[in-house]
Amino acid sequence: MRALVHHVFGEPADVLAVEEVELPEPAPQQVRVRMLLSPIHNHDLWTVSGTYGYKPALPARAGTEALGVVDALGEGVEGLRVGQRVVTGGTFGVWAEYFVAAAAALVPVPDGIADEAAAQLVSMPFSALSLIQFLDLNAGDWLVQNAANGAVGRLVAQLADARGLRVLGLVRRAAGVEELAASGIGDVVATDQDGWRDRVAELTGGAPIRAGVDSVGGTASGDVLSLIAEDGTLVVFGAMAAPVMQLGSGPVIFGQITVKGFWGSKVSAAMGASGRAALIGEVIRRVAEGSLALPVESVHPFEEISVAARANFAPGRVGKLLLRP
């Protein structure tokens, strides 16, 4: 079969290539899946570059989330059948025509959900919903997030709204406010505009902002911190712009702010199987009812991985880039 492989760590567009590899056989409690579509995530490319928290042995495959069709069942697998559509969000090496996954890691996909949306059901929506739950807020509470026009930011806005939370979004350019408004996402402020803090007060009506999410780093971290109410929480989700957060000590000390990190893998493991199943079920319901949109920017064959990898970090992109065999 064909698979994307890299023999060294480096720029994904340069080191990933299509190779012929052995067709895998499922062991007991495993399933072989014929891959249909797989989204490209930032962490997939960071893993290829060798800069992520997980560093595979070389030569290595790539990709972690995929939609596919059950092709073969290992001994002892129950509840799945050959020909059934399934999705996985935590199986390494899915950028291949076929991959093997633990049966417990596969989620059956309802018939009413299109392939393009189904391929994205787990990783980002699940992370966004896990993040919302991690914040431990109540209906009506406000939270603030930067990178509001990013993939996770858009998901948080939609999923939090469905739970009755209020979300203030921060973007770095005025055009981002218009882009999100076109997608039905409001309460967004551009920090490159004079008087943006006044606009925040106008949107929130002066209500306390209980929690903040920083996905950018640098001075943007301090912007989020400055808006959080006393005894609130700043959660560090990512560092798209800078690996160092610039935080003033005053707001942390005098506001009694708690600063903590969020790594989806750790949070997911801690919530247990029943908790994970409940969140996945909520994501599927939201997609099925239309309250959660999972747009696609473009679909690329494996042979276009260089183009797709470079396009992944292009500004202004709305939907996900998907790979197909």
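Each value, and the rule that gives it
- Every chain is numbered on its own, with residues counted from 1 as its sequence reads.
- Given that the model is predicted, a residue must reach a pLDDT of at least 70 before its local features are reported, and side-chain atom pairs must reach 80 or more before they are shown or counted; all residues, however, enter totals for whole chains, interfaces and linings.
- Note that water and hydrogens are dropped before the side-chain values are worked out from all heavy atoms of the structure.
- Axis definition: a line fit to C-alpha positions, over the contact stretch in the case of helices; interaxial angles, taken between N-to-C directions, run 0 to 180 degrees.
- We count a stretch as a helix when DSSP gives it H or I for four or more residues in a row; a strand needs E for two or more, and each element gets its number in order from the N terminus.
- When an angle is under 35 degrees it counts as roughly parallel; over 145 it counts as roughly antiparallel; between 65 and 115 it counts as roughly perpendicular; any other value is oblique.
- The hand of a helix crossing depends on one turn: near helix anticlockwise from the far one by less than a right angle means left-handed, and clockwise means right-handed.
- Contacts were defined at the residue level, with two residues in contact if any of their heavy atoms lie within 4.5 Å.
- Think of it as three bins: nonpolar holds Ala, Val, Leu, Ile, Met, Phe, Trp, Tyr, Cys and Pro, charged holds Asp, Glu, Lys and Arg, and polar takes everything else, Gly as well.
- The criterion is simple. A nonpolar core is a set of buried Ala, Val, Leu, Ile, Met, Phe, Trp, Tyr and Cys residues joined through side-chain atoms within 4.5 Å.
- Each residue's exposure class comes from its accessible area (1.4 Å probe, protein chains only) as a fraction of the maximum for that residue type: buried when under 20%, exposed when over 50%, partly exposed otherwise.
- Here the rule is simple: two strands pair whenever DSSP picks up at least two bridges between them.
- Definition used for salt bridges: Asp or Glu carboxyl oxygen within 4 Å of a side-chain nitrogen of Lys or Arg.
- Distance and chemistry together define a polar contact, namely a pair of N or O atoms within 3.5 Å, with one atom able to donate a hydrogen and the other to accept it when in protein, and with adjacent residues in sequence counting only for side-chain atoms on both sides.

### Here's the deal with the packing of helix H4 (residues 123–135) against helix H10 (residues 264–289)
Next up, step 1: Direction vectors running N to C along H4 and H10 enclose 115°, while the axes themselves pass 10 Å from each other. With respect to H10, the element H4 is oriented roughly perpendicular. Along this stretch, H4 crosses H10, giving a crossing that reads as right-handed. Together, Pro125, Phe126, Leu129, Ser130, Gln133 and Phe134 of H4 and Val267, Ser268, Met271, Arg276, Leu279, Ile280, Glu282 and Val283 of H10 make up the contact between the two elements.
Next up, step 2: Partitioning the contact of H4 with H10 into residue classes produces nine nonpolar, three polar and two charged.

### Details of the nonpolar core
Next up, step 1: Counting residues in each nonpolar core, the largest one holds 40 residues, and the members touching the most others are Ile113, Leu121 and Val287.
Next up, step 2: With seven residues, the top contributor of residues to this core is H4.
Next up, step 3: Once you skip the residues sitting within four places of it in the chain, valine 287 turns out to touch Ile113, Ala117, Leu121, Leu292 and Leu294.
Next up, step 4: Counting residues in hydrophobic clusters, the runner-up holds 28 residues, among them Leu80, Phe99, Ala103 and Ala308.

### A few points about the sheet that holds strand E9 (residues 166–171)
Next up, step 1: Spatial strand order, E10-E9-E8-E11-E12-E13: six strands in an open sheet with parallel pairing. Strands at the two margins of the open sheet, each flanked by one partner only, are strand E10 (188–190) and strand E13 (258–261). Within the sheet, the average angular offset between the axes of one strand and its neighbour, ignoring direction, is 20°.
Next up, step 2: Examined bridge by bridge, strand E11 (residues 209–214) and strand E12 (residues 233–236) share four bridges and lie parallel to one another.

### Description of the pattern of salt bridges
Next up, step 1: One pass over the structure, following the stated rule, counts 13 salt bridges.
Next up, step 2: A salt bridge links glutamate 25 to arginine 32; the nearest nitrogen and oxygen atoms lie 3.2 Å apart.
Next up, step 3: The exposed category is assigned to glutamate 25, whose relative accessible area is 58%.
Next up, step 4: One salt bridge connects arginine 173 with glutamate 179, and the closest N-O pair in it is separated by 3.2 Å.
Next up, step 5: The exposure class of arginine 173 is partly exposed, given its relative accessible area of 30%.

### Some words on the environment of arginine 85
Next up, step 1: Secondary-structure assignment places arginine 85 in strand E5 (residues 85–88).
Next up, step 2: Along the backbone, arginine 85 and serine 123 are 38 residues apart, and their C-alpha atoms lie at a distance of 17 Å.
Next up, step 3: The residues touching arginine 85, leaving out its near neighbours within four places in the chain, are Leu67, Gly68, Val69, Val107, Pro108, Val109, Pro110, Asp111, Ile113, Ala114, Asp115 and Ala118.
Next up, step 4: A distance of 2.8 Å separates a polar atom in the side chain of arginine 85 from the backbone oxygen of proline 110.
Next up, step 5: A distance of 2.6 Å separates a polar atom in the side chain of arginine 85 from a polar atom in the side chain of aspartate 115.

### Looking at the pairing of strand E6 (residues 98–102)
Next up, step 1: With burial as the criterion, only one face of E6 is covered, namely that bearing Phe99 and Ala101; the residues Tyr98, Val100 and Ala102 on the opposite face remain uncovered.
Next up, step 2: By the bridge criterion, five bridges tie strand E3 (residues 30–39) to E6 in an arrangement that is antiparallel. Its bridge partner being in E6, arginine 32 is matched across the sheet by valine 100.

### Here's the deal with unusual backbone geometry
Next up, step 1: Following leucine 58, the chain continues into proline 59 via a peptide bond in cis, with omega recorded as -5°.
Next up, step 2: Tracing the sequence through the fold places proline 59 in the loop between helix H2 (42–49) and strand E4 (66–73).
Next up, step 3: Unusually for a residue other than glycine, glutamine 256 sits at a positive phi of about 55°.
Next up, step 4: One can find glutamine 256 in the loop between helix H9 (249–254) and E13.

### Looking at H2
The α-helix advances 3.6 residues per turn, and as a result positions three or four apart in sequence lie on the same side.
Next up, step 1: Among the residues of H2, His43, Asp44, Leu45, Thr47 and Val48 are the ones counted as buried.
Next up, step 2: The inward-facing, buried residues of H2 contact helix H1 (12–15), E3, H4 and helix H11 (305–312).
Next up, step 3: Phi turns positive, to about 85°, at glycine 50, one or two residues after H2.

Interpretation note: all reported values are geometric properties and have no functional meaning in isolation.
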